[in-house]
Amino acid sequence: MNNNTATVYHRIFQYSRPYLGRIFTALAASLLVAGTDVSLAKLVQPLIDKIIVAQNMALVHVVPVIVVGLALVKGTCRFVQEYFIKTAGQLTVQDIRNDLYGHSMSLSMGYFSRNSTGNLMSRILNDVGILQRSAADVLVDGVRESFTLIGLMALAFYNDWKLASIAFVVLPLAVVPGSFIGRKIKVNTRRGQETIGNLTRLLQETLSGIKVIKAFGTEQRETESFRQENLRFYHFIRKVLKYDSAAAPAVEILSSFGIAAVFWYGIHRVLSGAMTQGELFSFIAAIFMMYTPVKRLTRVSNNIQRAVGAAERVFEVLDVVPEICDAPQAVPLGRVRGEVAFDGVGFAYEKELVIRELSLKIAPGEVGALVGPSGGGKSTVVGLLSRFYDPQHGTICIDDQDIRQVTLDSLKRNIALVDQETFLFNDSIRNNIRYGRPEATDAEVEEAARLAYADAFIRELPKGYDNHIGDRGLRLSGGQRQRLCIARAILRDAPILLLDEATSALDTESEAMVQKALANLMKNRTTIVVAHRLSTVMHADKIVVLEDGRVREVGRHAELLKGDGLYRRLYEMQFK
Ligand SMILES: Nc1ncnc2c1ncn2[C@@H]1O[C@H](COP(=O)(O)OP(=O)(O)O)[C@@H](O)[C@H]1O
Ligand SMILES: [Mg+2]
């Protein structure tokens, strides 16, 4: 067992601690289950010697009573054991899954852009699932069968230690193939789970991109790559199955040597009078009854390996330290006036700086506009202010507070963001608008929708505000979705409003309307607006032209037009 595996056990144990009560109840019950099995093997001896060989008719009636009685005890205890241990396993794994989900939510945007969501989904669903199934198996069978095995071995040694030594001389030999098989199973489970991660990613990607696939007619190609990935999974799982299937036969073959020796030596001893028939049969019954526990235990040890493989993948995610989190002495940020200042900010997603030496100040209540060619860094600036990422150089302050020194929670309360990705939850329109302020009343929701020019089209829907986004037949246009997102931001009522191409999907007419609405909205707050259409930004207090992550020009519309820079060229391209 390497250190890593030991750590995995330890961590799983930590998770199971709250359920130790259930586990101990189950352990006590398994002791009784094992006890009944051992008693059964033990009782073979008096059955043969005292009843059959001695031809004692009076005791014959006792036999069925004992058999049924033992079965009753065993049955009851098995129920108690399985029920408590399985629920303990489920509860433990449920806690792990909750932690994993909670932790995933706290990971930074950087993690999500480096890792596919499919992979993460697969860990939360499939790997935890494996853990769940294996944990139940391991705990139920592992504990009970070990007790039974120990009891039966003790009985065998108690009956005849010489015979027992012969029988178990092969036992140590079984350890070698056992550990080899276990290792193989662990490695291949891990690899198999990685391909399951790829499968989930593929599924998630292709199902959400189904329109593109249909448009390009690439169904065949996608089916083929799914088939390939599925086959890769089979490739690994086949090995797991192979080693898993080999485990029991290997043990069986090895133990046949022991059994052969027992028969040979045992019969000798009975014939020479050193042992009664009953003693031999009781001994052999014990050995045969060991078959089941031994076979189950090899499966258990394989299941443990499988669970460790899956658990490693789970803990890997749990061990990712969120890059963006509250500083140790973070203070809550009250409701801000809304002064935003970037000072010498430099930022790279990977190696190359995409924001360089960016300094920029927007006074409370002002509208700042970011314009420039795509890839210039506009969305990155918005993301930095929202603290999706932290800059490598310089500082970003709101009301003279470095945003890295305030709590994330309070920072987010001061910001409302609308971006190009008009993401809506599969919930009612009302709840989607209310998302950023769950306590808002229906009247407030509708007021926000009105301001975003969304109220009219929502009322025309069959169920109005109660329509679900995922409802069949509900087809919202890009512009309508954007207006819902804007309504959501309006209701949030934060002092800083970030609009990243928030009106790009609107037609000219509705854009003009939404512009008016936004103009109302911008009155008492600081707004940073990113837009391609310069008509949207003409009235901004400060227009910042970004190119290659650098500020090229800053000024008002009229000033920038007078110059002969990038802004003027962009303007001429759009209006001539
Ligand atoms: N998640 C990311 N990981 C790596 N590079 C990124 C990421 N997002 C954007 N970039 C890169 O950063 C640069 C600026 O992008 P962006 O801020 O989206 O520009 P804009 O919004 O002005 O079009 C581009 O070169 C883009 O390729
Ligand atoms: Mg952008």
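Use the structure listed above.
Let me sum up the structure you'll find in this document. (Residues numbered from 1 in each chain as written. Chains lettered and ligands numbered in written order. Predicted model: local features only at pLDDT ≥ 70, side-chain atom pairs only at ≥ 80, totals over all residues.)

**A look at the overall build of the protein chain**
Then, number 1: Within the protein chain, the secondary structure is distributed over 20 helices and ten strands.
Then, number 2: Here the C-alpha radius of gyration of the protein chain, 35 Å, is well above what a compact globule of 576 residues would show, namely 25 Å.
Then, number 3: The dimensions of the protein chain, computed from C-alpha atoms along their principal axes, are 120 × 55 × 50 Å.
Then, number 4: Residues classed as buried in the protein chain amount to 35% of the 576 residues present.
Then, number 5: Considering only contacts within the protein chain whose residues lie at least 6 apart along the sequence, 82% involve residues at least 24 apart. (Helix = DSSP H or I, 4+ residues; strand = E, 2+ residues; numbered from the N terminus. Rg over C-alpha atoms; globule rule 2.2 N^0.38 Å. Buried ≥ 20, exposed ≤ 12 C-beta atoms within 10 Å, placed from the backbone. Contact = placed C-beta atoms within 7 Å.)

**Re unusual backbone geometry**
Then, number 1: Phi is positive for Arg-387, which is not a glycine, with a value near 60°.
Then, number 2: Its location among the elements puts Arg-387 in the loop between helix H11 (378-385) and strand S4 (393-398).
Then, number 3: Here Arg-387 falls in the partly exposed class, since 19 other C-beta atoms lie within 10 Å of it.
Then, number 4: A positive phi angle, near 55°, is found at Asp-493, a position not held by glycine.

**Regarding the site of ligand 1**
Then, number 1: With respect to spatial proximity, the complete set of residues near ligand 1 consists of Ser-113, Tyr-349, Glu-350, Val-354, Ser-374, Gly-375, Gly-376, Gly-377, Lys-378, Ser-379 and Thr-380.
Then, number 2: Here the shell around ligand 1 gets three residues from one element, more than from any other, and that element is H11.
Then, number 3: Class assignment for the residues of the shell around ligand 1 results in two nonpolar, seven polar and two charged. (Near = placed C-beta within 6 Å. Nonpolar A, V, L, I, M, F, W, Y, C, P; charged D, E, K, R; others polar.)

**Re the nonpolar core**
Then, number 1: In this structure, Ala-369, Ala-452, Ala-487 and Leu-498 are the most contacted members of the largest nonpolar core, which totals 66 residues.
Then, number 2: Residue contributions to this core peak at seven residues, all from helix H16 (residues 478-492).
Then, number 3: Counting 56 residues, the second-largest nonpolar core is a separate cluster that includes Val-240, Ala-247, Met-289 and Val-294. (Core = buried A, V, L, I, M, F, W, Y, C linked by C-beta atoms within 7 Å.)

**Focus: the packing of helix H3 (residues 62-106) against helix H10 (residues 277-318)**
Then, number 1: With their axes 9 Å apart at the nearest point, H3 and H10 run at an angle of 35° to one another. Crossing of H3 over H10 shows left-handed handedness. Facing Ile-96, Asp-99, Leu-100, His-103 and Ser-104 of H3, the residues of H10 in contact are Val-314, Val-317 and Leu-318.
Then, number 2: Here the residues of the contact of H3 with H10 sort into five nonpolar, two polar and one charged. (Axes fitted to C-alpha atoms, helices over the stretch in contact; angles between N-to-C directions. Left-handed = near helix turned anticlockwise from the far one by under 90°.)

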